Amino acid sequence: MANAKKSSFVIVYHRQPYEEAVEGGRVIYKENKSPNGIVPALKGFLGTAKDAVWVAWKQVPASGKVNFERTVRIKDSYGEYDVVRLPLRAEQVKAFYHVTSKEALWPILHSFPDKFNYDPVDWENFREVNRLFAEAACEQASDDAFIWVHDYNLWLVPHYVRQIKPKARIAMFHHTPFPAPDAFNVLPWREEIISSLLDCNIVGFHIPRYAENFASTACSLLGAKRTEVRDVEGPFRPTGAALSEPTVTTALEYKGHRVEIDAWPIGTNPQMIEKHLTTFEAGKRVAEIASEVGDRRLLVSVGRVDYTKGTKELLEAFDRLLARRPELKEKVKLFCVCVAPADGMSAYRAAQREVERLVGSINGKYGNLRWTPIMLSTRGVPFDQLVCYYRAADVCWITPLRDGLNLVAKEFVAAQNGDPGVLILSEFAGAAVELAECVSVNPYSARSMDAAIDAALDMDETERGRRLEVMRKRVSDWDVDEWARHVRERFEALSKPQTEDARSAA
Ligand code: GDG
């Protein structure tokens, strides 16, 4: 029987949903400065349950002594909710997140099997950390609570939750791609992972292709059966793009119970972006950027340092552009935000060195006292500044080799107004199946990269305006609120009796 004191809605996401600071000797919890990305999208749900809880981790000293309150009550613009901090030691975090998640799972999710690093993986530690997250969530949850788990580093949480709370309604959302079985099956723990995902009531992805890849893997590996397949609807282009899928599996049957599959992309918040850009400060900043850039065209590229993001391929294309089209010298400027990872993340060290080397080489080859072709920032740029660059930019250049979705592409589209800019977007970013009017590029082909940047720089204003208008409407129709509405509807449709009957019959 459900315990009235327990929560009916628990989010399990490894990061805490606020910024912690010490002021006047007291720990205080501030709302995140950056109102973008995953955390605010998830916080939108906290107000939907009176008793919502968020479970994240927080580091403790090597002794394991917990020197903080495990549960804190947060009150912010999203509502009032508890955050439960799971204490983890530095070596647990390193092994579970920096090594297993980033060196073994991340490359496979992004179809880079040659970067898969099996040797340093401590799978027992990964299991243990996932079990601890599951226990922390279950301690808070009523018996039939919704427990919503985020991302692959918590893949085994559904399995442990199901053992403790058989009647819980478990959903898991993937922010990354889900690869085809040929790539996924490289993982030695493949059956354990898929079996845990099949303990969910709903398994969620950004786009139908990833849902199909998951369904194929579950059917071929563990004998799950497809019980519902539908024509693709929503914002997706059903055919013709590299990641298009005309139909999508929406339910599987496994060991007598139903597992729903959902494909719905996270949106951005165009109203918030527009509101910010109408402030006096933002207007001033946009004007400053325009004056700093002068009569040059501004190209922006924003992302984390990561070999999946295709920054190396982009910089090589920029090098070729300046060599191929000497008339562009001193006429273009690339602002490349490539945020360095936290200390201790060895998975991205080589990628960062390569980006820094290429930027140095290009600036050295073409620059002069008046003009530095590339401004590289390995520091994060605050979101209120970032949107000013988006607005001032002539081209937003995003070329990942693989990307679950890519929110930057949507943010750029939402921030544009006035002289229309051009979005160049890789065919292998999930967002490309929504933003068909972008200049689509295959980052594996130098010829395609060259053609895309030429097309973007040479496109006339009417064509730029036409494409941007269609994309702005789509980004605004399928925004973060629409994502939240859709997910809520899917959760509500999970009828309790059906779930319970099916589980007890299994
Ligand atoms: C994962 C998946 C999926 C970037 N640089 C700065 C900065 N950002 C913000 C952007 C944007 C967010 O971070 C990045 O989102 P992305 O979607 O581009 O990429 P990932 O971090 O890789 O996120 C991805 C996403 O999850 C959501 O499900 O789309 O595919 O890999 O909001 O604005 N923000 C600030 N300074 C920066 O320098 N403040």
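Residues numbered from 1 in each chain as written. Predicted model: local features only at pLDDT ≥ 70, side-chain atom pairs only at ≥ 80, totals over all residues. Heavy atoms only, no water.

**Q** Talk me through the sheet that holds strand S1 (residues 7–12); I want residue IDs and the actual numbers.
**A** Sheet architecture is open: ten strands sit in the order S5-S6-S4-S1-S7-S8-S9-S12-S11-S10, paired in mixed fashion. Both outer strands of the open sheet, strand S5 (71–76) and strand S10 (225–231), are each paired with one neighbouring strand and no more. Put simply, the sheet's adjacent strands are angled 25 degrees from each other on average, direction ignored. Where strand S8 (residues 169–173) meets strand S9 (residues 202–205), three bridges bridge the pair, whose relative direction is parallel. (Pairing = 2+ DSSP bridges. Helix = DSSP H or I, 4+ residues; strand = E, 2+ residues; numbered from the N terminus. Axes fitted to C-alpha atoms, helices over the stretch in contact; angles between N-to-C directions.)

**Q** Describe the sheet that holds strand S14 (residues 332–339), naming the residues involved and giving the relevant values.
**A** What the six strands build is an open sheet, ordered S15-S14-S13-S16-S17-S18; its pairing is parallel. Of all the strands in the sheet, just strand S15 (374–377) and strand S18 (439–441) have a single pairing partner and so form its edges. Adjacent strand axes in the sheet meet at a mean angle of 15 degrees, parallel and antiparallel pairs treated alike. Lying on the sheet, helix H12 (residues 383–392) is in contact with strand S13 (297–304) and S14; it crosses S13 at an angle near 140 degrees. (Contact = heavy atoms within 4.5 Å.)

**Q** I'd love a proper account of the site of the ligand, names of residues and values included.
**A** Contacts to the ligand come from 25 residues, most closely from His175, Arg304, Val381, Asp403 and Glu411. Residue Lys309 places a side-chain N or O atom 3.0 Å away from an oxygen atom belonging to the ligand. Here an oxygen atom of the ligand and a side-chain polar atom of Asp403 are 2.6 Å apart. In the complex, 87% of the free accessible area of the ligand, which totals 730 Å², lies under the protein chains. Going through the elements one at a time, S13, S14, H12 and helix H13 (407–415) are the ones with two or more residues in the shell around the ligand. A per-class count over the shell around the ligand returns 13 nonpolar, eight polar and four charged. When residues of the shell around the ligand are sorted by domain, at least three fall in each of domain 1 (7–267 + 483–496) and domain 2 (270–477). (Near = heavy atom within 4 Å. Polar contact = N/O pair within 3.5 Å; in protein donor to acceptor, adjacent residues only side chain to side chain. Areas by Shrake-Rupley, 256 points an atom, 1.4 Å probe, with all protein chains shown as cover. Nonpolar A, V, L, I, M, F, W, Y, C, P; charged D, E, K, R; others polar. Domains from an automatic or database assignment.)

**Q** I'd like a description of the packing of aromatic side chains, backed by residues and values.
**A** To describe a pair of aromatic rings, you give the distance between the ring centres and the angle between the ring planes. As enumerated under the stated definition, the model contains 34 aromatic pairs in all. Each ring, one from Tyr152 and one from Trp155, has its centre 6.2 Å from the other, and the planes form 75 degrees; the classification is edge-to-face. Classification of Trp155 as buried rests on a relative accessible area of 0%. Ring centres 5.0 Å apart and planes at 25 degrees place the aromatic pair Phe178 and Phe184 in the stacked group. For Phe178, a relative accessible area of 1% puts it in the buried group. Among the aromatic side chains, those forming a connected cluster through ring pairs are Phe96, Tyr97, Phe116, Tyr118, Trp123, Phe126, Phe133 and Trp189. Note that Arg169 overlies the ring of Phe146, its terminal NZ or CZ placed 4.3 Å from the centroid. Arg488 extends its terminal NZ or CZ atom over the ring of Phe45, reaching a point 5.2 Å from the ring centre. (Phe/Tyr/Trp six-rings, centres within 6.5 Å; stacked < 30°, edge-to-face > 60°. Buried < 20%, exposed > 50% of the residue type's maximum accessible area, 1.4 Å probe, protein only. Lys NZ or Arg CZ within 6 Å of the ring centre and 35° of its normal.)

**Q** Tell me what's going on with the pattern of salt bridges, and back it up with residues and numbers.
**A** One pass over the structure, following the stated rule, counts 44 salt bridges. Notably, a salt bridge pairs Glu124 with Arg127, separated by 2.4 Å at the nearest N-O pair. In this pair, Glu124 and Arg127 are both assigned in helix H3 (residues 123–140), three residues apart and thus about one turn of the helix distant. A residue is classified by how much of its surface remains accessible, and Glu124, at 48% relative accessible area, is partly exposed. A salt bridge links Lys473 to Asp477, with the nearest nitrogen and oxygen atoms 2.6 Å apart. (Salt bridge = Lys/Arg side-chain N within 4 Å of Asp/Glu carboxyl O.)

**Q** Before we move on, can you summarise helix H2 (residues 90–109) with the specific residues and values?
**A** Compared with the 28 Å implied by 1.5 Å per residue over 20 residues, the 25 Å span of H2 between its first and last C-alpha is markedly short. Ser101 marks the point of greatest bend in H2, at about 50 degrees. Just downstream of H2, Ser111 is the residue with a positive phi angle, here 60 degrees. (Expected span 1.5 Å × (residues − 1). Bend = angle between axes of the 7 residues up to and from the residue.)

**Q** Lay out the environment of Met345 with the relevant residues and their values.
**A** Secondary-structure assignment places Met345 in the loop between S14 and helix H11 (349–366). Met345 sits 251 residues away from Lys94 along the chain, and the two C-alpha atoms are 8.3 Å apart. The residues contacting Met345, other than those within four sequence positions of it, are Tyr97, His98 and Lys102.

**Q** Can you explain the domain arrangement of the protein? Please cite residues and give values.
**A** When its domains are assigned, the protein resolves into domain 1 (7–267 + 483–496) and domain 2 (270–477). Opposite the 30 residues of domain 1 that make contact, domain 2 presents 28 residues. Taking both partners together, domain 1 and domain 2 bury about 2400 Å²; carbon and sulfur atoms supply 68% of that area. For the pair domain 1 and domain 2, the number of links is six residue pairs in polar contact (both at pLDDT 80 or more). The residue makeup of the side of domain 1 that touches domain 2, split by class, is 15 nonpolar, eleven polar and four charged. (Buried area = accessible area lost by both parts, 1.4 Å probe.)

**Q** Please set out the nonpolar core residue by residue, giving values where relevant.
**A** Judged by nonpolar contacts, the single largest core of 111 residues is most densely connected at Phe133, Ile147, Trp155, Phe214, Leu252, Phe318 and Trp397. A total of nine residues in this core trace back to one element, the largest contributor, which is H3. If you count residues domain by domain, this core takes at least three from each of domain 1 (7–267 + 483–496) and domain 2 (270–477). In contact with Trp155, not counting residues within four places along its chain, are Leu105, Leu109, Asn130, Met172, His174, Phe178, Phe184, Leu187, Ile193, Ser196 and Leu197. Within the second largest apolar cluster, 68 residues are counted, among which are Ile273, Val300, Val413 and Leu468. (Core = buried A, V, L, I, M, F, W, Y, C linked by side-chain atoms within 4.5 Å.)

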